[in-house]
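Listed below are the residues making up each chain.
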Amino acid sequence: MDLRERYDTATKQLDPPLALVDLKAFDHNAADMARRAAGKPIRVATKSIRCRSLIARVLRHPGYHGLMAYSLPEALWQHQHGLSTDILVAYPTVNREALTKLANDDEAARHITIMVDEPAHLDLIDEITASGQQIRVALDLDVSWRPAKNVHIGTRRSPLHTPEQAFEFALAITKRSGMTLKGVMGYEGQIAGLGDHPPGKPLKAAAIRFIQSKSSPELNERRATAIERIRTIADLEFVNGGGTGSLEATSTDTSVTELAAGSGLVGPTLFDAYTRFRPRPALVYALPVTRKPEPHIATLFGGGYVASGTGTKNRLPKPYLPTGLKLTTTEGAGEVQTPVYGPAARQLRPGDRVWLRHAKAGELAERFTTYYLLDGDEATPVPTYRGEGQCFG
């Protein structure tokens, strides 16, 4: 039985649109990422999953420990449901309601660490935690590459780029009575988030490989220096780095104690452009064929699940099964219909289904209240965050 037949058979009693997680592929990806991490624990980036059942599943795999939430309300919800006693919020929060809840919950305050990178964050925490509760904080170190003046290659995150800036800010944290510095984080997006083999773009691929070859050693040296200095004034529990695309490189940095990853577990299309690894597509979704405007075109219901980011073609979903289908250039992935064309379309009829892959890992969970987990030949429904009535931004 081929993959398409397996997916169709397992979900034949279900009406699409529907989303399916192939647990065999998911578990393979989890094991392969742990291998690539070379012994360093991986903190699960939950924004790339957004499904409690899958988060709990990957935490049972060897090599995984702790969660990286993308908002404080999400972290509080995860803690409430007992997913983990070690939750790091990867982005600074200015949500006063959530900060108030954290400050008034002794258990949550012991298990959740929030991110800071400028004095305004510290001022807000001090304002909220006037009662005396100690808030665990982590410093976000900017780990972009700056080879020349006014040249910034990487994500726009923290203003703390140099070891001196990081140390001075860490010192400022230690002088605040309402918080304790517990960790440092740095996300090297120019390595972890840029595939080094974009299809049909050899010059861009060469440029990306050059950037990554120069950025990685510079970052390792700069981060190690920053951590060495910060440890003279703070008892750090963790130094977090990396992402799915940089596990090998970041694991070689001796100053890093743990890695972060999530997208590689489900294998979205953006990770097809890497030469170092290739996750198996674990998360797919089916759309039904509703009409045949031409023999070589099949029109699908819905499907306009475009990923966030640059607004470029690589943010569109890709037809997956049957093979040989493409989106049209005039309609792309539409809100109410998605035409696909190619030789395989001639065999499709209304009522058949086409399986597609999303460009990013977690955002598909914002479109579906249920994921069907495929284990062997059986598909079991579990709720996504949306299915549990949650939307964290």
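Residues numbered from 1 in each chain as written. Predicted model: local features only at pLDDT ≥ 70, side-chain atom pairs only at ≥ 80, totals over all residues. Heavy atoms only, no water.

What follows deals with the overall build of the chain. From N to C terminus, the chain includes 11 helices and 17 strands. Against the globule reference of 21 Å for 393 residues, the chain gives a C-alpha radius of gyration of 22 Å, in line with a compact fold. Counting only C-alpha atoms, the chain reaches 70 × 45 × 35 Å along its principal axes. Scored against the burial criterion, the 393 residues of the chain give a buried share of 55%. Restricting to contacts in the chain with at least 6 residues of sequence separation, those with at least 24 account for 68%. A total accessible area of about 17,100 Å² is found for the chain, and carbon and sulfur atoms account for 51% of it. The centroid of the 48 positive side-chain charges in the chain is displaced by 6 Å from the centroid of its 43 negative side-chain charges. (Helix = DSSP H or I, 4+ residues; strand = E, 2+ residues; numbered from the N terminus. Rg over C-alpha atoms; globule rule 2.2 N^0.38 Å. Buried < 20%, exposed > 50% of the residue type's maximum accessible area, 1.4 Å probe, protein only. Contact = heavy atoms within 4.5 Å. Areas by Shrake-Rupley, 256 points an atom, 1.4 Å probe, with all protein chains shown as cover. Lys, Arg positive; Asp, Glu negative; His and termini not counted. Charge placed at Lys NZ, Arg CZ, Asp CG, Glu CD.)

Next up on the list: the sheet that holds strand E8 (residues 238-241). Around the barrel, which closes on itself, the eight strands sit in the order E2-E3-E4-E5-E6-E7-E8-E9 with parallel pairing between neighbours. Strand after strand, the sheet turns through a mean of 30° between neighbouring axes, direction not considered. With respect to the sheet, helix H7 (residues 119-128) is in contact with strand E5 (112-116), strand E6 (135-140) and strand E7 (179-186), its orientation differing from that of E5 by roughly 135°. (Pairing = 2+ DSSP bridges. Axes fitted to C-alpha atoms, helices over the stretch in contact; angles between N-to-C directions.)

Right, let's talk about helix H1 (residues 3-10) for a bit. For H1, the set of buried residues is Arg6, Tyr7 and Ala10. Along H1, the residues classed as buried sweep out an arc of 95° about the axis, all on the same side. Next to the buried residues of H1 lie strand E1 (18-22), strand E10 (283-294), strand E12 (318-321), strand E15 (353-357), strand E16 (370-375) and strand E17 (378-383). (Arc of directions from axis to C-beta.)

E15 sits mainly inside the fold: five of its five residues count as buried. Direction of pairing for E10 relative to E15: antiparallel, over a ladder of four bridges. Bridge assignment links Tyr285 to a residue of E15, and that residue is Leu356. Pairing of E12 with E15, which is carried by three bridges, proceeds in the antiparallel orientation. From the neighbouring strand, Pro319 faces E15, where its bridge partner is Leu356.

The grouping of Lys201, Lys204, Lys313, Lys318 and Lys326 at the surface amounts to a positive patch. Residue position: Lys204 is located in helix H10 (residues 202-230). For Lys204, a relative accessible area of 43% corresponds to the partly exposed category. (Patch = residues over 30% accessible without salt bridge, like charges linked within 9 Å, V, L, I, M, F, W, Y side chains within 5 Å. Salt bridge = Lys/Arg side-chain N within 4 Å of Asp/Glu carboxyl O.)

Secondary-structure assignment places Arg43 in strand E2 (residues 42-45). Reaching out from Arg43, the side chain makes a polar contact with the side chain of Glu258 at a distance of 2.6 Å. (Polar contact = N/O pair within 3.5 Å; in protein donor to acceptor, adjacent residues only side chain to side chain.)

Turning to helix H3 (residues 52-59), its buried residues are Leu54, Ile55 and Val58. Down the axis of H3, the sector holding all buried residues measures 105°, keeping them to one side. Buried residues along H3 sit against E1, helix H2 (23-36), E2, strand E3 (64-69), helix H4 (72-80) and E16.

Before going further, it helps to spend a moment on the packing of helix H5 (residues 96-103) against H7. Two elements in contact, H5 and H7, have axes separated by 9 Å at closest approach and are oriented at 55°. Considering their axes alone, H5 and H7 lie oblique with respect to each other. The interaxial crossing formed by H5 with H7 has right-handed handedness. Within the contact between the two elements, H5 uses Arg96, Leu99, Thr100 and Ala103 and H7 uses Leu124, Glu127 and Ile128. Taken together, the residues of the contact of H5 with H7 break down into four nonpolar, one polar and two charged. (Parallel < 35°, antiparallel > 145°, perpendicular 65-115°, else oblique. Left-handed = near helix turned anticlockwise from the far one by under 90°. Nonpolar A, V, L, I, M, F, W, Y, C, P; charged D, E, K, R; others polar.)

A separate point is the packing of H2 against H3. Remark: H2 packs on H3, axes separated minimally by 10 Å, with the N-to-C direction vectors making an angle of 45°. Classified by the interaxial angle, the pair formed by H2 and H3 is oblique. Of the two possible hands of crossing, H2 and H3 adopt the one that is right-handed. Two secondary-structure elements touch here, H2 through Leu23, Phe26, Asp27 and Ala30 and H3 through Leu54, Arg57 and Val58.

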